[in-house]
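Single-letter residue listing:
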Amino acid sequence: MPTFLLDDREIEFNPGDTVIAAAERAGVDIPHYCWHPGLSTAANCRMCLVELLPPEGRPALLLDVLRFDEEKGDYVLARKPKLQPACQLGAVAGMRIKSQTSEHAVEARAAVQEFLLLNHPVDCPICDQAGECRLQDYWLEHSGKKKRMQDEILHRPKAVDFGPTIVYDAERCIVCTRCVRFCDEVVGDHVLDKRERGNLGEIVLAPGRKLDHEYTLMTEHVCPVGALTAKDFRFKARVWFLRSVRSVCQGCATGCNAYTDYDPRNQTVYRHRPRENQAVNKYWMCDEGVLDYRRVHDGRILTARVAGKKASVEDALAEAAQRLAPVGKDKLAILLSFTHSSEDNLALIELARALGVGQAYATGRPSGSGDKILRHTDKNPNRAGVSQLAQALLGGLPLDFSALVAAVEGGSVGAVLALGSSVEDAALAAKLKRVPVVAISTFEGELAQQAAVLLPASSWAEADGTFVNAGGLAQVSEKAIEPQGESQPAWRHVLGVAGKLGVSLPFSRAKDLAKVLSAHAPKAGVSGSSAAAEAQA
Ligand code: SF4
Ligand code: SF4
Ligand code: FES
C-alpha cells in the first residue's frame, strides 16, 4: 500500500484517497467542520489546513503576508507557506505533510476558530449540542483564547422552524453546507441551500418548502455545531449524562446500525444515532428509525395479565400452563415473531420441539413504504432470522398469520402460544379469540387484546439480541437499560412456561441460546464503527 508522512508518521492510503480520509482511517484526526466521509468535499471551513512540504531540494511555495510586529507596533512584511485543505488534497506516495507540527497550520486553525466565533452567540449553556459540539472541542484544542472583537455580534435568524423535526439557529451556523449536501447527495431533495456570503451567510429552505423528507434528522446529525437541533431531543437531556450501547434499529428489515443513548440514572432511552456500517447503512438512518427508540417507553406492557386483569408473573405462568396443557401437542400452535430477537424465537422453537408441537406460524408488523436509500418495505427487523431458525430446526418455513386464523377456525388449532405484539393482518386478529391465547408481548396491540394470559416481555433495548436483516446479516443489538416494570426477556418467559408444563429445555441462560444461534446463523457480531471513530466523523 502506498504511504505518505503526516507529522513524521507513515500513513497508508488507497488510490483516490484524500489526506484527511487516509488520516482518519489511521486514527489521526485532522480537525474539520465541513468534511464528512459520506459527502462530497466542499472545502469551505478551512479548519483542516495542513502544510505540504516541497519535494527534497525544491523551494517551498511561499506567500507574502503582513504580520503584526509587537515591538514596532506596526505590520511588517513576512512570508509563509501556502497551506492546503487536507479534505481536498489528494494523497500521493511519498508526500510529506505537517499538521500539528506546523506552526503555520496551528496558527491558521486558531485564526479560523476565532473567525468562526466572531459572531457566534456562545450560548452553550442553553444549546443542545453542548458536550458534542465541534466549536467547543476545537476551541479548546486549537484556540483557547478570548475573542478580540468587542463589538455587538451580528444578529441573525434564531429558532427558525425548518419543518416537523428540525429547528435552525443561523447565529450558531458556520455555513459548512453539510446539511445542504446531505439533502442533495443522499436524499436527492434540494430542499436546503445557502444564501448570502461572509457574515450574512445562512441556510434557507427552498421557496414554499419545509424540511420534510424521510431523512430530515440526518441534517441535525451531520451538523457539527448547534445550528440544527432535533425537536424530539431539544432540551430533554444533557449528553454528558448519557451512555451509549451499539444497537440495531428495529424499524425495518434493513437493520441499520445505531447507538442507543440512555440515561442510566433514570433508566430512560433518549435517542438513536446512526453507527457507521458500510455494509448496511453507511453513515445514515431514516427518521422513522431514529425516532423508533420512543417505543421503548411507549405503549409497553409492564405487568402480567390473566383474563385482562393484572396478575403476578408466577400466577400468569401457572395459568398459561393450565390453558395449554389440556390441548395436546397436535392442536397446540406456536406463533413466532419477526419483531423479536433470534434468541426469543429460538427459545419458543425449542419449547415446541420439546413438546412435539408440529404447527408453527409466524407474524410481525404489516409492511409499509420503502425507498432506494435505506427504508425497507418489510417493517420487521428479524424476518430472515426467524425463517433461518425455522428451516434449520423445524424443517420448513413457518406459515403466516392468515393460515393460523384459518386453522383456528377450522378446529385444527386448539390453543396458541404466541410471541410478539402485532400481527400482519390486524383485521383477522379477533378471530384468534375462539381458542386460548398465551401471549408473550412487549407492547399493547392485537395479540395483547386477544390474550387469555399475557406475559410482559422486555424490549430490544433491555436485552442483548440477534437480528438478521434482509441481506442475511446477523447483527447483535446490545442491552441498554434494565427490563422495565415486571418485564423479562421473552426467552425467560418461555423457560417459565416450559417449567410449569414439566418440560426441560436445552438452555437456561442467554449464553446457551447464543451458542445454538451461532451454529445456525453465522453472526457478524457487533459490527460497524467504534464510538470513537463515529465521534470524529
Ligand atoms: S446548519 Fe449546521 S450543517 Fe448546515 S451549514 Fe450550518 S453548521 Fe453546517
Ligand atoms: S431504514 Fe429501517 S432499519 Fe434503517 S433506520 Fe430506517 S427504519 Fe431503521
Ligand atoms: S474540512 Fe472544511 S475545509 Fe477541509
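Per chain, residue numbering runs from 1 following the sequence as it is written. Key to labels: chains lettered from A, ligands numbered from 1, both in the order written. A pLDDT threshold of at least 70 governs which residues receive local features in this predicted model, and a stricter bar of 80 or more applies before side-chain atom pairs are shown or counted, although totals over entire chains, interfaces and linings include all residues. Working from all heavy atoms in the structure, the side-chain values ignore hydrogens and water.

> Looking at this structure, I do not really get the pattern of salt bridges. What am I missing?
Pairing between side chains becomes possible if they bear opposite charge and their charged atoms approach one another. We define a salt bridge as a contact between a side-chain nitrogen of Lys or Arg and a carboxyl oxygen of Asp or Glu at a distance within 4 Å. Summed over all chains, the structure comprises 38 salt bridges. Its salt-bridge partner being Glu171, residue Lys158 comes within 3.1 Å of it at the nearest N-O pair. Note that Lys158 is positioned in the loop between helix H3 (134-142) and strand E8 (160-161) and Glu171 in the loop between strand E9 (166-168) and helix H4 (178-187), a separation of 13 residues in sequence. To sort residues, take the accessible area from a 1.4 Å probe on protein chains only and compare it with the maximum for the residue type: under 20% means buried, over 50% means exposed, and anything in between is partly exposed. For Lys158, a relative accessible area of 40% corresponds to the partly exposed category. Its relative accessible area of 4% is what places Glu171 among the buried residues. Among the ionic pairs, Arg294 bridges to Asp232, the shortest N-O distance being 3.0 Å. Of this pair, Arg294 sits in the loop between helix H6 (287-291) and strand E16 (304-306) while Asp232 sits in the loop between strand E12 (228-230) and strand E13 (243-248); the two residues are 62 residues apart in sequence, bridging distant segments of the chain. Strands are runs of DSSP state E lasting at least two residues, helices are runs of H or I lasting at least four, and both sets are numbered from the N terminus onward.

> Mind showing me how you'd approach helix H8 (residues 342-355) here?
What sets the pattern is the α-helix's 3.6 residues per turn: residues three or four places apart point alike. If you check H8, its first and last C-alpha atoms are 20 Å apart, about what 14 residues at 1.5 Å a residue would give, namely 20 Å. Within H8, 11 of the 14 residues are buried, which leaves the element mostly enclosed by the surrounding structure. Within the sequence span of H8, burial applies to Ser342, Glu343, Asp344, Asn345, Leu346, Ala347, Leu348, Ile349, Glu350, Leu351 and Ala352. At the C-terminal side of H8, Gly356 shows a positive phi close to 80°. To estimate the expected span of a helix, subtract one from its residue number and multiply by 1.5 Å.

> How do you make sense of the pairing of strand E2 (residues 9-12) when you look at a structure like this?
As a general feature of sheets, a regular strand has side chains that alternate between the two faces. In this scheme, strands are said to pair when DSSP sees at least two bridges between them. Relative to E2, strand E1 (residues 3-6) runs antiparallel, the two sharing four bridges. Bridging from a neighbouring strand, Leu5 pairs with Glu10 of E2. Counting the residues that bridge the hairpin from E1 to E2 gives two residues, and of these Asp7 lies at a positive phi of roughly 50°.

> Which parts of the structure should I look at to understand the confidence of the model for the protein chain?
In regions of low pLDDT, the predicted coordinates are not meant to be interpreted in detail. Residue-level confidence of the predictor is summarised by pLDDT, bounded by 0 at the bottom and 100 at the top. Here the protein chain shows a mean pLDDT of 94. Residues at 70 or above account for 97%. In the model, residues 524-537 has pLDDT below 50 throughout and makes 39 contacts with residues more than four positions away in sequence or in other chains. A contact between two residues is defined here by any heavy atoms of the two lying within 4.5 Å.

> Hey, could you run me through the side chain of Ser487 in this one?
Among the structural elements, Ser487 can be located in the loop between strand E24 (474-477) and helix H12 (490-501). Taking relative accessible area as the criterion, Ser487 reaches 5% and is therefore assigned buried. Polar contacts involving the side chain of Ser487 include one to the side chain of Arg300, which spans 3.5 Å. Within 3.5 Å is the distance limit for a polar contact, defined as a pair of N or O atoms, with the added protein rule that one can donate a hydrogen and the other accept it, and that residues adjacent in sequence qualify only through two side-chain atoms. A distance of 2.6 Å separates the side chain of Ser487 from the backbone oxygen of Gln484, its partner in a polar contact. What Ser487 contacts, discounting residues up to four positions off in sequence, is Arg300, Ile301, Leu302, Pro456, Ala457, Ser458 and Glu462.

> When you look at the sheet that holds E16 in this model, what are you seeing that I'm missing?
The pairing of strands in a sheet comes from backbone hydrogen bonds and takes either a parallel or an antiparallel form. Taken in spatial order, the seven strands line up as E17-E16-E22-E21-E20-E18-E19 in an open sheet, and their pairing is mixed. Bordering the open sheet on either side are strand E17 (309-311) and strand E19 (359-363), each of which pairs with just one other strand. Adjacent strand axes in the sheet meet at a mean angle of 20° when their direction is disregarded. Two elements, strand E21 (residues 437-441) and strand E22 (residues 453-456), share four bridges in a ladder whose sense is parallel. From the neighbouring strand, Ile440 faces E22, where its bridge partner is Leu455. Across the sheet, helix H7 (residues 313-324) is in contact with E16, E17, strand E18 (332-337), strand E20 (415-419), E21 and E22; its angle to E22 comes to roughly 135°. Axis angles are defined between N-to-C directions and span 0 to 180 degrees, where every axis is a line fitted to C-alpha atoms and, for a helix, only to the segment in contact. Against the sheet, H8 touches E18 and E20, its axis set at about 165° to E18.

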